[in-house]
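The residues making up each chain are set out below.
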Amino acid sequence: AIENILRVLPNTENVAVINGNSPLEKFWLQEMRRELKPFEKKVTFTWFDGLSFGDILKQAATLPPNSAIFWHLMSVDAAGRAHEGGSALRRLHEVANAPIFSYDDSFFGRDLVGGPMHSVIEGSRQTASVAMRILRGEKPGDIKTAVTGFAAPKFDWRQLQRWGIIEGRLPP
């Protein structure tokens, strides 16, 4: 996802990471920090996990030039308030002064620029297939599934236009 940001916006200097503060979000935050270490030579990461959602919105409206936003999760903010992902992302999109990217294609077509993302539909199909096999009598421990990765990249033309992203920078 970060490689995608740097490909379509090569002048990116700062990536603001939106992540909540629930136990699950804290787990994934540590994983992200570890996985994103190699990119710290290219960009600065601004971590918003310690902020209330209101403060996140204020910060997102005043990001420095050459910034991008990576939307990870927002279930519970640092103030302990619960948020529904789609409506929180919509509110962020309304005030953000930088393009928003994510790994989750369930938000695609509204507020995200796009890129390679996990397909919720494909994951749901795989889950339903396993459920059907269990219902037909297979033991869950005997069922092996393929690891799912990112789906083929897709981009929202409206967001490309809004942020002046050149189509020639998009992956095939």
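Residues numbered from 1 in each chain as written. Predicted model: local features only at pLDDT ≥ 70, side-chain atom pairs only at ≥ 80, totals over all residues. Heavy atoms only, no water.

Participant: Whenever I open this one, the side chain of His 83 confuses me. Can you help?
Facilitator: Looking at the element boundaries, His 83 is found in the loop between strand E3 (67-73) and helix H4 (85-95). A distance of 3.0 Å separates a polar atom in the side chain of His 83 from a polar atom in the side chain of Asp 77. Polar contacts involving the side chain of His 83 include one to the main-chain carbonyl oxygen of Arg 81, which spans 3.4 Å. If near-sequence neighbours (up to four positions away) are discounted, His 83 is found in contact with Phe 53, Met 74, Ser 75, Asp 77 and Ala 88. (Helix = DSSP H or I, 4+ residues; strand = E, 2+ residues; numbered from the N terminus. Polar contact = N/O pair within 3.5 Å; in protein donor to acceptor, adjacent residues only side chain to side chain. Contact = heavy atoms within 4.5 Å.)

Participant: Could you clarify how one ought to interpret the sheet that holds strand E2 (residues 44-47) in this entry?
Facilitator: Backbone hydrogen bonds are what pair the strands of a sheet, in a parallel or an antiparallel way. Strand order in the open sheet formed by four strands is E2-E1-E3-E4, with parallel pairing between adjacent strands. Each edge of the open sheet is held by one strand with a lone partner, namely E2 and strand E4 (100-102). For this sheet the average axis-to-axis angle between neighbouring strands, irrespective of direction, equals 30°. (Pairing = 2+ DSSP bridges. Axes fitted to C-alpha atoms, helices over the stretch in contact; angles between N-to-C directions.)

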